[in-house]
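Working through the structure, step by step
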Amino acid sequence: MGGLDALRQFNLLKWLREERQSRKLILFIVFVALLLDNMLLTVVVPIIPSYLYTLDESTDVLKNNTAPKQDSPASFQSIVSLYDNTVRLSGFNTTARTTDLLPLTPTGTQLPPNSTDCPRSTNKLINENVKVGMLFASKATVQLITNPFVGPITNRIGYQLPIFAGFCIMFISTIMFAFSSSYALLFVARSLQGVGSSCSSVAGMGMLASVYTDDEERGHAIGIALGGLALGVLVGPPFGSVMYEFVGKTAPFLILAFLALFDGALQLFILQPTKVTPESQKGTPLLTLMKDPYIIIAAGAICFGNMAIGMMEPTVPIWMMETMCARKWQLGVAFLPASISYLIGTNIFGTFAHKMGRWLCALIGMVVVGISVICVPFARDIYGLILPNFGVGFAIGMVDSSMMPIMGYLVDLRHVSVYGSVYAIADVAFCLGFAIGPSIGGSIAESIGFPWLMTIIGIVDIIFAPLCIFLRNPPGQEEKIAILMDTNCSMKTRSYSTQGAYYQGEDMDPEYDDYD
């Protein structure tokens, strides 16, 4: 009976309000925000290429049906779908499977075993590269433009309001994806997501950096938050492809919209986004941070590392349809190894990179990204993609979990410890990779082929890797170095405050290792 009485007296909303100063709840909110953002980011990867192809094919069929016919009434024209190989007969207004109606190969020629999924011609598929690439790049491009404004805004009004605004915009974008039936509306929905992502990621990372002031703890917290990003990337493609194959395009986006409502309610009760809580000190100007060579190197590693997966997302599904006769569900499942390994990499190196040296972790990661990407075109079936995709995801996890904490550390070491602007730069770098990658990747794949595209980005990553050596011992202001050392050494026994909320350091590591 005592347990039942305690359960009746338990008030969830009251508990949330009492615990809203908890660092772990704030970390959970950022985790969920990044999870949903990246699920929406990647759930479209297997859906959009096939869906756009279907839209274009339907348009072609409509034009053929409405065009004046020169043939006799008894004749018909056969229109072959390049994706599912159905044949539409414009003269009789019927559709039949190729295997049931028309022999499309000469007598005696045998089709490959998976021929029902193979496109008969690849011209239209190759042309889809540019459209898909531009659509995918629109989100990152808009986010890239928005980030320089969001960073300084968080310095003035705090992190709570921008991260809640990001949720609202993301919810609208998700609903638009669910019900859009044209390329233009899908483009608007993807672009709108960029605004929401900018608010969520910049404010979320800045909030974590301000709450976790110890460098090692910050790296661990950001590693966990990036685990939300990784989980979104992990779940998105297979979730989208399976739902699209067996339920339809609308279903996955409606489910994401429902999950977003849960995240919004959580933010509303814990963060109280109606309150404006500006930083207590004026942060370093954005342009000053952008001129810091060490911040630029860290941002460059984030950019070029993620540019590899940014180029793969729009081009690999089309390449698989062209060379492997892949089914719809396989287009998303192919990214599963990269997603799983990214989740593993961010969780392992969020803490371990502090001990081995984040510069070394990033250097190794960039080299492994380059080698793995170059190996992708050598795959001859979906199973051949497992190892190179696993390597790409694991290595990018190494880079992100090393460079994100370094951005906060460099601000502590060389500038004013206000984090909105520096994580705006980090997000700009991330977005550059996902803007440049899909936009030029589709064009390069169309012009010189998918294998050369992977070779180019792989070589770029390998060439950039040695620059991470400069992050080994970045110089800083002497007084700030002394403050950082004193702060980290005494973190076990003292409590500290962040934006007026006090947190106790009972879970903290009593030892402080050097940055390397």
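One can find the structure itself at the top, above this paragraph.
Quick caveat: nothing in here was measured; it's all calculated off a predicted structure.

1. Digging into the nonpolar core
- Among the nonpolar cores identified, the biggest contains 114 residues, and Met312, Met320, Met403, Met407 and Tyr423 are the most heavily contacted of them.
- The dominant element in this core, judged by the number of residues it contributes, is helix 11 (residues 293-323), at 18 residues.
- Both of domain 1 (8-58 + 119-272) and domain 2 (283-479) provide at least three residues apiece to this core.
- Once you skip the residues sitting within four places of it in the chain, Met320 turns out to touch Cys325, Ala326, Gln330, Leu331, Ala334, Ile382 and Leu385.

2. Topic: the pattern of salt bridges
- Tallying each qualifying case throughout the model produces five salt bridges.
- A salt bridge links Arg218 to Asp412, with the nearest nitrogen and oxygen atoms 2.8 Å apart. Linking Arg218 in helix 8 (residues 215-246) with Asp412 in helix 15 (residues 386-414), this pair joins segments that are 194 residues apart in sequence. There is no split in this pair, since Arg218 and Asp412 are both buried.
- For the salt bridge of Asp292 with Arg414, the shortest nitrogen-to-oxygen distance reads 2.8 Å. Of this pair, Asp292 sits in the loop between helix 10 (286-290) and helix 11 while Arg414 sits in helix 15; the two residues are 122 residues apart in sequence, bridging distant segments of the chain.
- Look at Asp292 and you get buried, because its relative accessible area is 3%.

3. Observations concerning the side chain of Thr346
- Secondary-structure assignment places Thr346 in helix 13 (residues 336-356).
- A relative accessible area of 0% places Thr346 in the buried class.
- Aside from chain neighbours lying at most four places away, what touches Thr346 is Gly223, Leu226, Gly227, Ala230, Gly397 and Ser401.

4. Re the packing of aromatic side chains
- Enumeration according to the criterion identifies nine aromatic pairs in this entry.
- With 4.7 Å between their ring centres and 20° between their planes, Trp319 and Phe450 make a pair best called stacked. Of this pair, Trp319 sits in helix 11 while Phe450 sits in helix 17 (residues 450-464), and the two are 131 residues apart along the sequence.
- Here Phe430 and Phe434 contribute two aromatic rings whose centre-to-centre distance is 5.0 Å and whose plane-to-plane angle is 40°, an arrangement assigned as tilted.

Cut-offs applied
- Residues numbered from 1 in each chain as written.
- Predicted model: local features only at pLDDT ≥ 70, side-chain atom pairs only at ≥ 80, totals over all residues.
- Heavy atoms only, no water.
- Core = buried A, V, L, I, M, F, W, Y, C linked by side-chain atoms within 4.5 Å.
- Buried < 20%, exposed > 50% of the residue type's maximum accessible area, 1.4 Å probe, protein only.
- Helix = DSSP H or I, 4+ residues; strand = E, 2+ residues; numbered from the N terminus.
- Domains from an automatic or database assignment.
- Contact = heavy atoms within 4.5 Å.
- Salt bridge = Lys/Arg side-chain N within 4 Å of Asp/Glu carboxyl O.
- Phe/Tyr/Trp six-rings, centres within 6.5 Å; stacked < 30°, edge-to-face > 60°.

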